[in-house]
Amino acid sequence: MAANNLQEVCRYLENNAELLKVSKKDNDIISPNNLPDFADVKGQETAKRGMQIAAAGSHNILLIGPPGGGKTMLARRMPGIMPDMTREEVLETTRIYSVAGLLNPDHPLIENRPFRAPHKNASAASIIGGGRIPRPGEITLAQNGVLFLDEFPEFSRDVLEALRQPLEDKVVTVARAQATHTYPADFALIGSMNPCPCGFFGSDLECACTPLQIQKYLSRISGPLLDRMDLHVEVPRVNYEQLRDRGNGESSAAIREKVIRARDIQKKRFSRHKIRLNSQMRPADVKKYCRLDEESEFLLKNAFDKLKMSARAYDRILKVSRTIADLEGCENIKVHHLAEALQYRSLDRKYWRQA
Ligand SMILES: Nc1ncnc2c1ncn2[C@@H]1O[C@H](COP(=O)(O)OP(=O)(O)O)[C@@H](O)[C@H]1O
Ligand SMILES: [Mg+2]
């Protein structure tokens with residue numbers, strides 16, 4: 001039931017008034033069939049796989065490549081492969097939209113998983129939260145869903161740096177003169193970017209930028225921020241043969257089935273915990289649920305030294321490996337799961353460290 005204010009709640013409890021009963025209204029729920037479909041995306045198999053993993057464990061993903069490869073197209077297809085929100089998630093999300101004053105009075109229940117795509121020129125307060133009268137920002141409105149930052153490096157430096165803390169803690173603290181406010185901020189981040197101002201650095205077309213321009217552009221995504229992107233995926237230009245291919249790629253419905261199965265496994269695993277998803281694991285959970293066999297341990301140790309990985313990256317790789325194993329229905333993480341997770345961590349060498 002929904003009330004406009006606490007007075008209405010009191011009157012209801014004193015049996016003096018009725019409250020609006022909220023039922024599931026089918027026409028307000030976006031059916032997955034009405035969302036854009038992954039079947040329209042030609043080629044880009046690695047990127048599609050990355051999106052599937054990100055959706056399954058609610059991991060962050062960075063899509064990088066030249067203009068026109070389909071980065072925006074891929075990101076916009078994420079909602080179509082995510083499961084419906086659980087009742088718990090519906091209530092939690094509705095509470096946030098209520099605080100933000102964003103509920104539809106005719107149907108005050110948020111049932112569609114959030115997909116927020118703020119513009120790159122949006123202010124830090126509107127994205128992170130805050131303002132003179134503090135309000136939750138886009139990162140809080142994305143709770144339980146997706147935050148899509150298209151043209152990632154072109155967001156203001158304030159926004160990019162302020163993202164670091166919530167990406168780690170999954171809550172955001174906004175300090176004001178009078179008080180501090182903490183809002184939830186647990187979402188999967190999709191960042192999409194060209195590798196340089198002209199867009200063609202590292203591609204098969206000639207790049208018109210100077211090394212300094214490239215370096216300046218890439219450095220907007222700082223090391224600590226890049227470290228928080230669990231999966232780095234290259235989205236190259238599709239070639240003519242791929243584009244004219246009449247066959248359909250894997251459909252969103254088929255991918256969604258796999259994501260749902262992987263999420264069910266996670267739900268069971270964490271049934272006695274406060275968390276629901278692999279990305280939410282605390283270090284103690286990682287220790288318990290991401291055990292490696294000897295062969296995997298050896299691979300990870302080598303990669304750790306070679307890629308000069310941080311402790312943060314180490315934990316994130318294990319969480320992604322866990323999700324990859326869940327997608328395969330494997331109880332234990334095997335070496336090929338870990339190897340795949342590591343593969344999504346090699347792009348910073350191609351772009352950031354080279355530039
Ligand atoms: N892999 C692809 N398969 C099918 N169409 C594509 C693909 N990549 C790009 N396109 C077409 O090009 C347009 C631009 O793609 P877009 O997602 O905006 O690229 P980007 O964000 O990487 O610059 C799309 O709307 C689509 O029509
Ligand atoms: Mg784009």
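Rules used throughout
Residues numbered from 1 in each chain as written. Chains lettered and ligands numbered in written order. Predicted model: local features only at pLDDT ≥ 70, side-chain atom pairs only at ≥ 80, totals over all residues. Heavy atoms only, no water. 1 Å grid on protein atoms, 1.4 Å probe; cavity = no way out; pocket = protein on both sides within 12 Å on 5 of 7 lines; lining within 4 Å. Points joined across faces, edges and corners; volume = space filled by probe spheres on them. Helix = DSSP H or I, 4+ residues; strand = E, 2+ residues; numbered from the N terminus. Core = buried A, V, L, I, M, F, W, Y, C linked by side-chain atoms within 4.5 Å. Buried < 20%, exposed > 50% of the residue type's maximum accessible area, 1.4 Å probe, protein only. Domains from an automatic or database assignment. Contact = heavy atoms within 4.5 Å. Phe/Tyr/Trp six-rings, centres within 6.5 Å; stacked < 30°, edge-to-face > 60°. Lys NZ or Arg CZ within 6 Å of the ring centre and 35° of its normal. Salt bridge = Lys/Arg side-chain N within 4 Å of Asp/Glu carboxyl O. Pairing = 2+ DSSP bridges.

Draft legend 1. Region of interest: the layout of surface pockets. Each pocket or cavity is described by its volume, and for the largest pocket that value is around 880 Å³. M1, A2, T94, P108 and L109 are the residues nearest the centre of the largest pocket, which is lined by 32 residues in total. Those elements that place two or more of their residues in the lining of the largest pocket are helix 1 (6–13) and helix 4 (87–99). Per element, the largest residue contribution to the lining of the largest pocket is seven residues, and it comes from helix 4.

Draft legend 2. Broad picture of the nonpolar core. Grouped together as the largest cluster of nonpolar side chains are 48 residues, with contacts concentrated most on M51, I61, L63, M78 and I190. Broken down by element, this core gets its largest block of residues, seven residues, from helix 15 (residues 311–327). Mapped onto the domain boundaries, this core takes at least three residues apiece from domain 2 (36–244) and domain 3 (270–350). If we skip the residues at most four places from it in the chain, L63 touches M51, K71, L74, I190, G191, S192, M193, V233 and V235. Among the nonpolar cores identified, the runner-up in size contains 33 residues, and V159, L167, V172 and L225 belong to it.

Draft legend 3. Representation of the packing of aromatic side chains within the structure. Across all of its chains, the model carries four aromatic pairs by this definition. Ring centres 6.1 Å apart and planes at 40° place the aromatic pair F115 and F148 in the tilted group. Linking F115 in strand 2 (residues 115–116) with F148 in strand 5 (residues 146–150), this pair joins segments that are 33 residues apart in sequence. Pairing F270 with Y289 gives two aromatic rings, centres 5.7 Å apart and planes at 85°, and the pair type is edge-to-face. Of this pair, F270 sits in the loop between helix 12 (252–269) and helix 13 (283–289) while Y289 sits in helix 13; the two residues are 19 residues apart in sequence, bridging distant segments of the chain. In terms of burial, F270 and Y289 fall into one category: buried. A cation sits over an aromatic face here: R269 above F270, 5.5 Å from the ring centre.

Draft legend 4. How the structure looks around the pattern of salt bridges. Taken as a whole and assessed by the stated rule, the structure comprises 22 salt bridges. E154 is the salt-bridge partner of K120, the closest N and O atoms lying 2.9 Å from each other. Separated by 34 residues along the polypeptide, K120 in the loop between strand 2 and helix 5 (124–128) and E154 in the loop between strand 5 and helix 7 (157–162) bring together distant segments of the chain. Looking at K120, the relative accessible area reads 26%, which means it is partly exposed. Note on E154: relative accessible area 31%, which makes it partly exposed.

Draft legend 5. Looking closely at the pairing of strand 1 (residues 61–64). Of the two faces of strand 1, the one holding I61 and L63 and the one holding L62 and I64 are both buried throughout. As defined by bridge partners, strand 1 adjoins strand 8 (residues 188–193) across four bridges and the pair is classed as parallel. Bridge pairing in strand 8 places L63 opposite S192. The pairing of strand 1 with strand 9 (residues 231–234) spans four bridges and is parallel. Bridged to L62 within strand 9 is H232.

Draft legend 6. Examining the domain arrangement of the chain more closely. Domain annotation of the chain identifies domain 1 (1–30), domain 2 (36–244) and domain 3 (270–350). Taken over C-alpha atoms, the centre of domain 1 sits 44 Å from the centre of domain 3.

Draft legend 7. How the structure looks around unusual backbone geometry. Even without being glycine, Q44 reaches a positive phi, approximately 55°. Within the fold, Q44 resides in the loop between helix 1 and helix 2 (45–57). Look at Q44 and you get buried, because its relative accessible area is 7%. With phi around 55°, S58 is a residue other than glycine that occupies positive phi space.

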